[in-house]
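# Summary of the model geometry
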Amino acid sequence: MEEIHAELDGCRRCPLCKGRSNLVFGVGNPHARVVFVGEAPGREEDEKGEPFVGEAGRLLDRILFAMGLHRNDVYICNVIKCRPPQNRDPHPEEIAACEPYLRRQLAAIAPQVIVALGRFAVQTLVRDQSALGRLRGRWHEYEGIALMPTYHPAYLLRNPAGKREVWEDMKLVLKRLRTES
């Protein structure tokens, strides 16, 4: 992981590098059984250099707690490592520049499960442009790793009713982890 991070430090592979304050590589256990993958860093993440540090991150922490997990039990990263301007969705060329590093991160961690958070991360990782509501709640695969799509914590802050569906998704994740231990 340190080697991958060192390669990315100072990255100039796409125009997003021009507007970033910090590269947002990822945090957590490099031997985690579960990796949470979000979309891209927001303002607070860009300032701090860590994923999910704002209000959505605090909600993710509560989801982890409900699962009996903590940040140091899992690994958390994003598809894109630099903040897009005005938090827009990353462009295809930005994904193409960044996704090889995500693949390498996931290969180095070798988790049992990936939880993809939010429409953009889900559609990117499962290579399916269907609505997130149609993709969530059932297993998919990314690079040979089981993947559970679910709503992004930021979405849940705006739509609290979605928490029930996220909890159903997390129960499937926990069940899979129990059966594969």
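Residues numbered from 1 in each chain as written. Predicted model: local features only at pLDDT ≥ 70, side-chain atom pairs only at ≥ 80, totals over all residues. Heavy atoms only, no water.

### Section: unusual backbone geometry
Quick note on the threshold: Secondary structure elements follow DSSP: runs of H or I of four or more residues count as helices, runs of E of two or more count as strands, with numbering from the N terminus. Think of it in three bands: with a 1.4 Å probe and only protein chains considered, a residue is buried below 20% of the maximum accessible area for its type, exposed above 50%, and partly exposed in between.
One non-glycine residue with positive phi stands out, namely F52, at about 55°. Mapped onto the fold, F52 is located in the loop between α2 (43-48) and α3 (55-66). Even without being glycine, N87 reaches a positive phi, approximately 55°. If you trace the backbone, N87 turns up in the loop between β3 (75-78) and α4 (92-109). We classify N87 as partly exposed; its relative accessible area is 45%.

### Description of the pattern of salt bridges
Keep this limit in mind: Salt-bridge detection follows one rule: a side-chain nitrogen of Lys or Arg within 4 Å of a carboxyl oxygen of Asp or Glu.
If you walk through the whole model with that rule in mind, you get 13 salt bridges. With its nearest N and O atoms 3.3 Å apart, the salt bridge here joins E47 to R43. Taken as a pair, E47 and R43 lie in helix α2 at a separation of 4 residues, close to a single helical turn. Given a relative accessible area of 49%, E47 falls into the partly exposed group. Exposure remark for R43: the relative accessible area of 44% places this residue in the partly exposed category. The residue R103 makes a salt bridge to E99 at a minimum N-O spacing of 3.9 Å. In this pair, R103 and E99 are both assigned in helix α4, 4 residues apart and thus about one turn of the helix distant. Look at R103 and you get partly exposed, because its relative accessible area is 31%. Shared partners join several salt bridges into a network, and the residues in it are E99, R103, R127 and E143.

### Observations regarding the side chain of R20
Rules: Positive charge is attributed to Lys and Arg, negative charge to Asp and Glu, and no charge count is given to His or to the chain ends. By the criterion applied in these results, polar contacts are pairs of N or O atoms within 3.5 Å in which, for protein atoms, one can donate a hydrogen and the other can accept it, and in which residues neighboring in sequence qualify only through two side-chain atoms. Contacts: residue pairs with any heavy atoms within 4.5 Å of one another.
With respect to the helices and strands, the residue R20 is situated in the loop between α1 (2-8) and β1 (27-28). D9 provides the closest opposite charge to the buried, unpaired R20, separated from it by 6.1 Å. Only 3.1 Å separates the side chain of R20 from the backbone oxygen of C11, close enough to count as a polar contact. Each residue touching R20, except ones within four places of it in the same chain, is listed here: G10, C11, R12, D46 and C82.

### A word on the packing of aromatic side chains
Each aromatic ring pair is specified by the distance between its two centres and by the angle formed by the two planes. Applicable threshold: Each aromatic pair joins two rings of Phe, Tyr and Trp (for Trp, the six-membered one) with centres within 6.5 Å, and gets the label stacked for planes under 30 degrees apart, edge-to-face for over 60, and tilted for any other angle. Either the NZ atom of lysine or the CZ atom of arginine qualifies as a charge over a ring when it sits within 6 Å of the ring centre and within 35 degrees of the ring normal.
Under the defined criterion, the tally for this structure stands at 1 aromatic pair. On the basis of an interplanar angle of 25° and a centroid distance of 4.7 Å, the ring pair of Y151 and Y155 is categorised as stacked. Judged by relative accessible area, which is 30%, Y155 ranks as partly exposed. The ring of W139 carries R176 above its face, with NZ or CZ at 4.5 Å from the centroid.

### A word on the environment of R136
In this structure, R136 sits in the loop between α6 (132-135) and β5 (140-142). A residue is classified by how much of its surface remains accessible, and R136, at 14% relative accessible area, is buried. Between the C-alpha atoms of R136 and E93, which are 43 residues apart in sequence, the distance is 26 Å. Setting aside its immediate chain neighbours within four residues, R136 contacts P149, T150, Y151, E165, E168 and D169. At 3.2 Å, the side chain of R136 forms a polar contact with the backbone oxygen of E165. At 2.6 Å, the side chain of R136 forms a polar contact with the side chain of D169.

### Focus on the nonpolar core
Operational definition: Note on terminology: a nonpolar core comprises buried Ala, Val, Leu, Ile, Met, Phe, Trp, Tyr and Cys residues joined through side-chain atoms within 4.5 Å.
Ranked by internal contacts, the top residues of the largest apolar core, which has 56 residues, are F36 and L125. In terms of residue count, the dominant contributor to this core is α4 (7 residues). Those residues in contact with F36 that sit more than four places away from it in its chain are L60, L64, M67, V74, Y75, I76, C77, V115, L117 and M170.

Purely spatial values, then, with no claim about function.
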